[in-house]
Amino acid sequence: MDFNDTPEEAAFRAEARAWLEQNAEPRGPEDTARGLMGERTDPETVRRAQEWQAKKYDAGWACITWPREYGGRGGTPIQSVIWNQEEARFKTPPNIFGIGIGMAGPTIRAHGTEEQKRRYLPKMARGDEIWCQLFSEPAAGSDLAGLRTSARQEGDTWIVNGQKIWTTGAQYCHFGILVARHDPDLPKHAGLTYFIVDMRSPGIEIRPIKQINGGTGFNEVFFTDVRIPDENRLGAVGDGWRVAITTLMNERSSIGSGQSGGGGFRDLLRVARETVIDGRPALENPAVRQRLADFYVRSKGVQYTGYRTLTALSQGATPGPEASLGKLAGAVLQQEMAAFGMELEGLFGATRDRAVTPVEGSMQEIYLGMPGLRIAGGTDEVLRNIIAERVLRLPPEPRLDKTKPFREVPTGPPNA
Ligand SMILES: Cc1cc2nc3c(=O)[nH]c(=O)nc-3n(C[C@H](O)[C@H](O)[C@H](O)COP(=O)(O)OP(=O)(O)OC[C@H]3O[C@@H](n4cnc5c(N)ncnc54)[C@H](O)[C@@H]3O)c2cc1C
């Protein structure tokens, strides 16, 4: 890949940077990378995030690759990457629109009716309506097609019952994308249908889950006789799995591409500069330098793996399994770097008090957030399966429940 911008890309970058310089404050070396799902849920953070998204939308910088009629800029995937690179250089509120813009939006674009596209996409792009993903259940995560939330049709309405879990942002979202089982007599993948749910519908109960890092980024969501109009069905009845695959492909590539590893290493370097071993900065210690060199080499490996996705995009191709590789290697690396940073911090490594901890406790925050990243969007083991099957071409796992009616697949007690 050619790492330099073409003249057109350079012009686009300059335009993006000029707008950002006028509308946001640049990040300094003291601004640390933060872990997954920090303080995203308080109303003030949500308000600031919506304000920033609306500002970008009004100036034509939201959803670079979406067509203009749906609120985008009509740009190329490479322009979108350039925008993200430039925006990352500035202090902006947390991005709470990833599930909408990164996952629900592309799914509606691929499978929605023209009416659905015009109703939902522009408000999603502007951040006026925020979206969550109602896929996982207590007994269906990696094996998503084993989900049991039921959708029963009554005339032009669907009645939904069941439980979802790990629903990021449900407590402040306006809409959700939901996969439910409309027919348990069909094989598990065939009995699924995909819906758009208004999160304020009667019968939806949202219970936040308290996390190890102190945040409450995700929730349990209970459905009791929730009524969804048929016009909110996305795709045909029974096409839910195919529609869900579009969402999942977009999820993995958005999580994978975010793992360039740059912020984590920069923060770790700062810890090594600011902490002391035997009266000297830790950075001067040969054993520390050796570990840092190893982390640097690995983080460059992750970064360049991410660039393979860019190469595919710039050549108009669909990215392959690089996103799985990047996510797997990147999340493990971030967690190991944060653990080493906490080790260097000595006793301060045990506290999350930003006022006293080197680099404002970012090592602790990354360390506590990374187990989540190693699970979300495909666990380490599931990603290894993908790499084994699609990259190394090893034989696939035996899947014995694919063809029998879902009702006959042995499971625990039903949740609905
Ligand atoms: C931070 C975070 C945010 C999330 N946000 C959302 C959200 O907004 N919406 C949503 O719907 N879900 C969300 N999830 C849920 C996420 O999609 C699931 O946690 C994930 O798919 C794993 O499912 P599970 O938790 O049920 O674990 P399981 O699938 O039960 O896995 C348990 C263990 O078994 C292993 N395992 C499972 N299958 C295999 C296999 N075939 N081969 C080898 N090992 C296997 C797994 O690797 C894991 O170690 C989120 C999760 C996290 C951590």
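Residues numbered from 1 in each chain as written. Predicted model: local features only at pLDDT ≥ 70, side-chain atom pairs only at ≥ 80, totals over all residues.

A.B. asks: So what exactly am I meant to see when it comes to the overall build of the protein chain here?
C.D. replies: Counting secondary structure elements, the protein chain contains 11 helices and 11 strands. Taken over C-alpha atoms, the radius of gyration comes to 22 Å for the protein chain, in line with the 22 Å a tight globule of 416 residues would show. Projected onto its principal axes, the C-alpha coordinates of the protein chain cover approximately 75 × 45 × 45 Å. Looking at the 416 residues of the protein chain, the share that counts as buried comes to 41%. (Helix = DSSP H or I, 4+ residues; strand = E, 2+ residues; numbered from the N terminus. Rg over C-alpha atoms; globule rule 2.2 N^0.38 Å. Buried ≥ 20, exposed ≤ 12 C-beta atoms within 10 Å, placed from the backbone.)

A.B. asks: Would you mind showing me how to read the packing of helix α1 (residues 7-23) against helix α3 (residues 77-87) here?
C.D. replies: The description of two packed helices rests on the angle between their axes and on the distance between the axes. Contact geometry of α1 with α3 gives a least axis separation of 10 Å together with a crossing angle of 35°. Crossing of α1 over α3 shows right-handed handedness. Taking contact as the criterion, the partners of Glu 9, Phe 12, Arg 13, Ala 16, Arg 17 and Leu 20 in α1 are, on α3, Ile 78, Gln 79, Ile 82, Trp 83, Glu 86 and Glu 87. Taken together, the residues that form the contact of α1 with α3 break down as 6 nonpolar, 1 polar and 5 charged. (Axes fitted to C-alpha atoms, helices over the stretch in contact; angles between N-to-C directions. Left-handed = near helix turned anticlockwise from the far one by under 90°. Contact = placed C-beta atoms within 7 Å. Nonpolar A, V, L, I, M, F, W, Y, C, P; charged D, E, K, R; others polar.)

A.B. asks: Mind showing me how you'd approach the site of the ligand here?
C.D. replies: Looking at the ligand, there are 20 residues lining it, with Phe 135, Gly 141, Ser 142, Thr 379 and Glu 381 nearest. For the shell around the ligand, the secondary-structure elements that each account for two or more residues are β3 (131-134), β5 (157-168) and α11 (380-391). Residues of the shell around the ligand, tallied by class, amount to 9 nonpolar, 9 polar and 2 charged. Counting residues domain by domain, the shell around the ligand receives three or more from each of domain 2 (131-239) and domain 3 (258-378). (Near = placed C-beta within 6 Å. Domains from an automatic or database assignment.)

A.B. asks: Before we go on, may I ask you to explain the pairing of β5 in this structure?
C.D. replies: A regular strand places its side chains so that they alternate between the two faces of the sheet. With respect to burial, β5 is a largely interior element, 9 of its 12 residues being buried. Pairing of strand β4 (residues 150-154) with β5, which is carried by 5 bridges, proceeds in the antiparallel orientation. Bridge assignment links Ser 150 to a residue of β5, and that residue is Asn 161. With antiparallel pairing between neighbouring strands as the criterion, β4 and β5 make up a hairpin whose turn holds 2 residues, including Gly 155 at a positive phi of roughly 60°. (Pairing = 2+ DSSP bridges.)

A.B. asks: Is there a simple way to explain the domain arrangement of the protein chain in this structure?
C.D. replies: The extent of an interface is frequently quoted as the accessible surface area lost upon association of the parts. You can read the domains of the protein chain as domain 1 (7-96), domain 2 (131-239) and domain 3 (258-378). One C-alpha centre belongs to domain 1, the other to domain 2, and the line joining them spans 30 Å.

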